[in-house]
Amino acid sequence: MEQELISLICIVGISFLCPLLSALIPNKLIPETVFLLLAGMLLGPHVLGAIVPGDAIGLLSDLGLAFLFLLAGYELEPSKMTGAQGRHGLATWGITFAIAIFIMFARAGFQIADMTHLAIAICLTTTAYGTIVPILEERKLTNSRIGDAVIAYGVWGELGPVVVIALLLSSRAVWATGAILVAFAGIAVLSALIPNRLKSFDGRWDRFVKDNSDSNAQMTVRGVLVLLVGLVCISAVFGLDIVLGAFAAGFALRAIMPDGDSATERKLQGISYGFLVPLFFVVSGTKIDPAAIGTDPLLLILFVVALLLVRAVPIYASLSLCRESKDMDPRMKATIALYCTTALPLIVAVTSVATSAGAMTQDMASVLVAAGGITVFLMPLLASAALHTIDAEMGRAVREVTQRPTHVIPILKEHIHLEREKSAQRQHVLMKKDDEDA
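Residues numbered from 1 in each chain as written. Predicted model: local features only at pLDDT ≥ 70, side-chain atom pairs only at ≥ 80, totals over all residues. Heavy atoms only, no water.

### A few points about helix α18 (residues 362–387)
Piece 1. Helix length check: α18, at 26 residues, gives a terminal C-alpha distance of 37 Å against a target of 38 Å (1.5 Å per residue), a fit within 8%.
Piece 2. Residue Thr 375 marks the point of greatest curvature in α18, where the axis turns by about 30°. (Helix = DSSP H or I, 4+ residues; strand = E, 2+ residues; numbered from the N terminus. Expected span 1.5 Å × (residues − 1). Bend = angle between axes of the 7 residues up to and from the residue.)

### So, a nonpolar patch on the surface
Piece 1. Where nonpolar side chains cluster on the molecular surface, the patch consists of Val 189, Leu 190, Leu 193, Ile 194, Leu 198, Trp 205 and Phe 208 and spans about 650 Å² of accessible area.
Piece 2. Those elements giving two or more residues to the nonpolar patch turn out to be α9 (174–201) and α10 (203–211).
Piece 3. Among the elements that make up the nonpolar patch, the one with the highest residue count is α9 (5 residues).
Piece 4. Following the sequence through the fold, Val 189 ends up in helix α9. (Patch = residues over 30% accessible without salt bridge, like charges linked within 9 Å, V, L, I, M, F, W, Y side chains within 5 Å. Areas by Shrake-Rupley, 256 points an atom, 1.4 Å probe, with all protein chains shown as cover. Salt bridge = Lys/Arg side-chain N within 4 Å of Asp/Glu carboxyl O.)

### With respect to helix α13 (residues 262–286)
Piece 1. For α13, which comprises 25 residues, the first-to-last C-alpha distance of 34 Å matches the rise-based estimate of 36 Å (1.5 Å per residue) to within 8%.
Piece 2. If you look at α13, its biggest bend is around 40°, right at Tyr 273.
Piece 3. Here α13 starts with a cap whose side-chain oxygen sits 3.2 Å from the backbone nitrogen of Ala 263, and that cap is Asp 261. (Polar contact = N/O pair within 3.5 Å; in protein donor to acceptor, adjacent residues only side chain to side chain.)

### A look at the nonpolar core
Piece 1. Counting 123 residues, the largest nonpolar core has Leu 124 and Phe 303 as its most contacted members.
Piece 2. Looking at which element gives the most residues to this core, the answer is helix α8 (residues 145–168), with 13 residues.
Piece 3. In this structure, Leu 124 is in contact with Ala 100, Met 104, Phe 303, Ala 306, Leu 307, Val 310 and Arg 311, ignoring residues within four places of it in sequence. (Core = buried A, V, L, I, M, F, W, Y, C linked by side-chain atoms within 4.5 Å. Buried < 20%, exposed > 50% of the residue type's maximum accessible area, 1.4 Å probe, protein only. Contact = heavy atoms within 4.5 Å.)

### Quick notes on the layout of surface pockets
Piece 1. In this structure, the second largest pocket occupies an estimated 750 Å³ of space.
Piece 2. Lining the second largest pocket are 30 residues; nearest its centre among them are Pro 195, Val 209, Thr 220, Ile 256 and Met 257.
Piece 3. Residue assignment for the lining of the second largest pocket shows that the elements contributing at least two residues are α9, α10, α11 (219–237), α12 (242–256) and α13.
Piece 4. When residues of the lining of the second largest pocket are assigned to their parent elements, the largest contribution, 9 residues, is made by α11.
Piece 5. Residue composition of the lining of the second largest pocket, grouped by class: 16 nonpolar, 7 polar and 7 charged. (1 Å grid on protein atoms, 1.4 Å probe; cavity = no way out; pocket = protein on both sides within 12 Å on 5 of 7 lines; lining within 4 Å. Points joined across faces, edges and corners; volume = space filled by probe spheres on them. Nonpolar A, V, L, I, M, F, W, Y, C, P; charged D, E, K, R; others polar.)

### A word on the packing of helix α15 (residues 297–321) against helix α16 (residues 330–339)
Piece 1. Where α15 contacts α16, the axes come no closer than 8 Å and their chain directions differ by 140°. By the angle class used here, α15 and α16 are oblique. When you trace α15 past α16, the crossing you get is right-handed. In contact with Leu 308, Ala 312, Ile 315, Tyr 316, Leu 319 and Ser 320 of α15, α16 contributes Pro 330, Lys 333, Ala 334, Ile 336, Ala 337 and Leu 338.
Piece 2. Among the residues making up the contact of α15 with α16, the classes are represented as 10 nonpolar, 1 polar and 1 charged. (Axes fitted to C-alpha atoms, helices over the stretch in contact; angles between N-to-C directions. Parallel < 35°, antiparallel > 145°, perpendicular 65-115°, else oblique. Left-handed = near helix turned anticlockwise from the far one by under 90°.)

### Overview of the environment of Ala 354
Piece 1. Mapped onto the elements of the fold, Ala 354 is located in helix α17 (residues 345–356).
Piece 2. Using a relative accessible area of 0% as the deciding quantity, one classes Ala 354 as buried.
Piece 3. Between the C-alpha atom of Ala 354 and that of Ala 365, which follows or precedes it by 11 residues, the distance is 8.5 Å.
Piece 4. When residues no more than four places from it in sequence are discounted, the contact partners of Ala 354 are Ala 119, Ala 359 and Met 360.

### Brief notes about the pattern of salt bridges
Piece 1. Tallied over the entire structure, the rule returns 4 salt bridges.
Piece 2. Its salt-bridge partner being Asp 214, residue Lys 267 comes within 2.7 Å of it at the nearest N-O pair. Within this pair, whereas Lys 267 is found in helix α13, its partner Asp 214 is found in the loop between α10 and α11, the two being separated by 53 residues in sequence.
Piece 3. Residue Lys 267 is classed as partly exposed on the basis of its relative accessible area, which comes to 22%.
Piece 4. Where Glu 324 meets Arg 323, a salt bridge forms, and the shortest distance between an N and an O atom there is 3.2 Å.
Piece 5. A relative accessible area of 65% means that Arg 323 is categorised as exposed.

### Some remarks on the side chain of Asp 289
Piece 1. Here Asp 289 is to be found in the loop between α13 and α14 (290–295).
Piece 2. One buried charged residue, Asp 289, forms no salt bridge at all, with the nearest opposite charge on Lys 287 at 14 Å.
Piece 3. Sequence-distant contacts of Asp 289, that is, excluding residues within four places in its chain, are made with His 46, Asp 363 and Ser 366. (Lys, Arg positive; Asp, Glu negative; His and termini not counted.)

Pasting the structure below:
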């Protein structure tokens, strides 16, 4: 208990300091998540040993992961999944999975029953949808063409791997897992239908919940917790990943509150982003072993490069073919593809399943988790750079610096100022187009 409390005070202290560190970086180029991961790695058992996650911290970390996906599922509009871009997103994820399997198949001795290579293939197709949504909100890209496209492609990069984990990384037969998934889907649907039926059947129940939503009873928050923990528990009992239960809870919550509830949303965000989600990222950082990365740094680099090839390139190609997005500027397409290549939470889930089954060494898991952590920093940074790059002007800037190397700073200042003006113009055009579409 003493060690758990020491670990907990370190985690909450890190959670308090990391937003301050992130705010010190101009334009928040380094997301807070990166600092949480780094702090977890440095204070974790592989380096300083101040944080040693036990069963209690592990359970809180799982709840943090669950809340991350609950809010992601709640924010998702079904129309964005089933629309033209959503269908392209699903097809593109299928293509990325096929490419990843082919790459693993090219390795000697790979078979579909080889859980190590299969787990790596799944990791290559993931999108950290729950992680990039807050980043999009910080950069005011939600409800824009870029934000909608990231959601349409990113959500399938979250759901697809979850289903594949259940089907292919399970010790059960595929048909048995399929039947369990159908049964779980039925339970998830009932979890949304029953509260809605209660509201329409008996108005007294609805009034009671609303009257006690801001009292000590906090009925709406307690109801959400019953929904979330219930579906997560059922998914665990069924032998499914808890991410699936959390995502289903988010969908169910949106069905129960189709018009939203700002008060409840603020409370849930306070619980999740105030405590549980930062704790999850810090604990994820403790799983990274710098020594393991140091022994095989090439694997780390290869995995990040493979993510770009397997995930980003097909998404860029799909955006160029989709009727709704083919008119986008190449920079916008690159921005969307890079955001959708951000990966971490599911890499943690996949490597945990593989290491528990004895199919993956802890050293390899550390490298893959570290690579996922790098994408949380690198991909949003590259996406921002892609969106704000001056195509012709950047080439001119390079030529001017070459011709006048002693005037580097004035030249850069001039072009940065010019880029800011062009960025503001592009943002104005995007907002105008969004208003016209609305």
